[in-house]
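Structural description and commentary
Chain by chain, the residues:
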Amino acid sequence: MRRAPWIPIVIMFVILVMAVFAPLLAPYSPIDQTLHDKLLPPVWVDGGSMKYLLGTDAFGRDILSRLIYGARVSLIVAALALTAGGGVGLLIGIVSGYVGGTTDAVLMRMVDAAFTFPAILFALLLAVTMGQGLGTLVIAISLLLWASFARIIRGEVLALKQRDFVALAQVRGCSSARIMITHILPNVLNIFMVLITLNIGVVIIAEASLSFLGAGVPPPTPTWGLMISDGRGRIADAWWISLIPGIAITLLVLSVNLFGDWLRDRLDPRLRQL
Amino acid sequence: MKRYIAHRLLQGVLLLCLVASIVFFVGRLTGNPADLMLPEDVSAEDRAALIQVLGLDGPLHEQFFIFVRNALHGDLGMSIRMRQPAVEAFFSRLPNTLAIIPWAILLAMAVGIPLGVVAALHRGGWIDRMAGAIAVLGVAIPSFWLGILLIFVFSVQLGWLPSGRMGGPSHYVLPVITLGTFLIAGFMRLVRSSMLEVMDSEYIKLARIKGLRESVVIWKHGLRNALIPVLTLWGVFVGNLITGAIVTETIFAWPGIGRLTYEAVIFRDFPLLQAVIILKSILILSINLLVDILYAYVDPRIRLA
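Residues numbered from 1 in each chain as written. Chains lettered and ligands numbered in written order. Predicted model: local features only at pLDDT ≥ 70, side-chain atom pairs only at ≥ 80, totals over all residues. Heavy atoms only, no water.

Another point: the pattern of salt bridges. Counted by the stated rule, this structure contains 13 salt bridges over all chains. The partner of Asp104(A) in a salt bridge is Arg154(A), and the shortest N-O contact between them spans 2.7 Å. Here the residue Asp104(A) occupies a position in helix 4 (residues 101–116), and Arg154(A) occupies one in helix 6 (residues 134–161), the gap between them amounting to 50 residues. Comparing Asp104(A) with Arg154(A), the two get one shared label, buried. In this structure, Arg109(A) and Asp112(A) form a salt bridge, with 3.1 Å as the shortest nitrogen-oxygen distance. Of the two residues, Arg109(A) and Asp112(A) both sit in helix 4, three residues apart, roughly one turn of that helix. Put simply, Arg81(B), Arg93(B), Arg259(B) and Glu263(B) are held in one network by salt bridges that share partners. (Salt bridge = Lys/Arg side-chain N within 4 Å of Asp/Glu carboxyl O. Helix = DSSP H or I, 4+ residues; strand = E, 2+ residues; numbered from the N terminus. Buried < 20%, exposed > 50% of the residue type's maximum accessible area, 1.4 Å probe, protein only.)

Okay, the domain arrangement of chain B next. All names here are of chain B. Once the domains are mapped, chain B shows domain 1 (2–72) and domain 2 (89–303). One C-alpha centre belongs to domain 1, the other to domain 2; they are set 33 Å apart. Across the boundary between the two partners, domain 1 contributes 14 residues, which contact 15 residues of domain 2. Roughly 1300 Å² of surface becomes buried between domain 1 and domain 2 when both sides are summed, with 81% attributable to carbon and sulfur atoms. Linking domain 1 with domain 2 are zero salt bridges. Linking domain 1 with domain 2 are zero residue pairs in polar contact (both at pLDDT 80 or more), by the criterion used here. When contributions to the side of domain 1 that touches domain 2 are tallied by element, the ones reaching two or more residues are helix 1 (2–27) and helix 2 (34–37). (Domains from an automatic or database assignment. Contact = heavy atoms within 4.5 Å. Buried area = accessible area lost by both parts, 1.4 Å probe. Polar contact = N/O pair within 3.5 Å; in protein donor to acceptor, adjacent residues only side chain to side chain.)

This part takes up a nonpolar patch on the surface. All names here are of chain A. On the surface, Leu16, Val20, Phe21, Leu24 and Leu25 cluster together to form a nonpolar patch covering roughly 510 Å² of accessible area. Mapped by element, the contributors of at least two residues to the nonpolar patch are helix 1 (6–20) and helix 2 (22–25). Of the residues examined, Leu16 reaches a relative accessible area of 46% and is grouped as partly exposed. (Patch = residues over 30% accessible without salt bridge, like charges linked within 9 Å, V, L, I, M, F, W, Y side chains within 5 Å. Areas by Shrake-Rupley, 256 points an atom, 1.4 Å probe, with all protein chains shown as cover.)

Take Asn96(B): it is sitting in helix 5 (residues 86–98). Among the residues examined, Asn96(B) registers a relative accessible area of 17% and is labelled buried.

The following block contains the structure:
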């Protein structure tokens, strides 16, 4: 058995704590501007000071505080989008796999369609028509997720359907709905959890990309993607504005993925192809 | 074969209709789309004129009919900001995107394929582990941040390469690396797992028994067959590149359709965005169709199934 990935677990825990206790941990407001302190470098660079450990941006906002609050947006969006998108995928996967026939054919064609068409374009469309916001962002990212959940869970349900306990339940006269809820669902929860962890990284990158493109949670709410975008034009004289939040995203996604790989091997080694 | 192509073509057309309808209805979710199609300082007469031309005061199905009729005539509306037909704007920028995409694919193949093969041959060895690390990192680094990092290192610090805009060959280097990198991990993983399977097969054993040189066995008999499943995902890869180009072109101020998409979003240029989405869908669907046909040609099992 592989050892538990302790470093990723610690990193995830630290970021989670940052997000939950942001108001207690952040030294400054993430939004208030202190213009006479603008563009100060991090403490280890010449000109940096202990006052702003990770420096300040073009409006004199503290990067560390924005980073801490930004973790909130990333994690909230990830939690909501995974619940919505994953939940819909779980439902469609179970129904499609168990009911079969025309229902299955129609649902799977929808999944094929979703795979061919890049969800990010819909996300941008929604942001322009419905306006930027948390709700729009969550809907957009859920659209990105449901199809892959549905396809994988359907495959699992097809295999479960052949098992004796399902046949027994049918013989006893259980309704389809009851079989799906009490017999199929508990048996796909493992794979569902693995899919959720493996997709956290996907969601975080998607959220950051959409924020970067001006289609995420609107400013001045700090998000990591927006911070990278803010500092893009200042890369020559104030690299820390863009590069620091990027490191945070990479570390978090890397940690979640390594943890997900481990969880997958532990819960179900057959899933290595995912 | 003809039946297969006809079937796939029909599927493609249906999908396109679906995309166009979604774009149409999403545009009507929030009040009168005239407000999305016109600049904010528009006069009341101009607004009324547009509403009349597009039939926006009529029932929904009539509006949809007008939308489809105009689209079939190649008219997807006027860009608000550029004051030119959105379709024209798209096609004037398309060549610039097509100028970097092949290089990005070439880069991903040049790095991903050999790395995947070597990793598969030395399964569990240090090359395999290194390749695994690259794959994990490749997924974790957001490509828009990678682009900025590359600019910081190679343009700002070292001063070796230009940080943006189109120009001579040196202008291509950073955008192509940024765009290609996020495909490398995918290519490598796929080649590795496919190669592991192929090298285990009977025909590879036969090739070895025949006394062929190991290099011929690996690169000719092995890789050739290992690349077939990679081919199926080409459509997906190109789709990824077309969307990946949105951030890459934004960072490097590259005047292609990716940057055009970004401009449509930040300037809230709805007609332009609508046109870009429909035209990109046509592009992606055509490429997928082409790949499927090619695949059916290479592997007869597909078209018979």
